[in-house]
Amino acid sequence: MAGSIIRMAAIDKMVDDIRYKGQILARTHKVESAIMDSGLVGFGAGLVIALIMILVPVLVL
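Residues numbered from 1 in each chain as written. Predicted model: local features only at pLDDT ≥ 70, side-chain atom pairs only at ≥ 80, totals over all residues. Heavy atoms only, no water.

Participant: What's the story with a nonpolar patch on the surface in this structure? I'm lost.
Facilitator: A cluster of nonpolar side chains, contributed by Phe43, Leu47, Leu51, Ile54, Leu55, Val58 and Leu59, occupies part of the molecular surface with about 750 Å² of accessible area. Examined against the element boundaries, Leu47 turns out to sit in helix H1 (residues 2-60). According to the relative accessible area criterion, Leu47 is partly exposed, its value standing at 44%. (Patch = residues over 30% accessible without salt bridge, like charges linked within 9 Å, V, L, I, M, F, W, Y side chains within 5 Å. Areas by Shrake-Rupley, 256 points an atom, 1.4 Å probe, with all protein chains shown as cover. Salt bridge = Lys/Arg side-chain N within 4 Å of Asp/Glu carboxyl O. Helix = DSSP H or I, 4+ residues; strand = E, 2+ residues; numbered from the N terminus. Buried < 20%, exposed > 50% of the residue type's maximum accessible area, 1.4 Å probe, protein only.)

This is the structure in structure tokens:
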């Protein structure tokens, strides 16, 4: 009887570990998806700002 309780505790711990790792993977995937979705917008905004910072001084001089 005591052996089965120990085994169940070990199985419960493994299930908790797997559940925890699954939650971390899901969160990481959500963050990566958000970064990829906003990556093009951020790149475009940075490009426009860089061009403005380069072209305005050239046109003023």
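There's more to say after this.
Participant: What exactly am I supposed to notice about the UniProt feature "transmembrane region" (unreviewed entry) in the protein here?
Facilitator: Here the UniProt feature "transmembrane region" (unreviewed entry) sits at residues 40-60. End-to-end, the C-alpha atoms of residues 40-60 are 30 Å apart, and along that stretch the chain is 100% helix and 0% strand. (UniProt positions renumbered as here; feature names shortened; annotations may be inferred.)

Participant: Whenever I open this one, the pattern of salt bridges confuses me. Can you help?
Facilitator: Where charged atoms from two side chains of opposite charge come close, those side chains can pair. Following the criterion strictly, the structure yields one salt bridge and no others. The shortest N-O distance in the salt bridge between Asp16 and Arg19 comes to 3.3 Å. Here the residue Asp16 and the residue Arg19 both occupy positions in helix H1, the gap between them amounting to three residues, near one helical turn. Taking relative accessible area as the criterion, Arg19 reaches 48% and is therefore assigned partly exposed.

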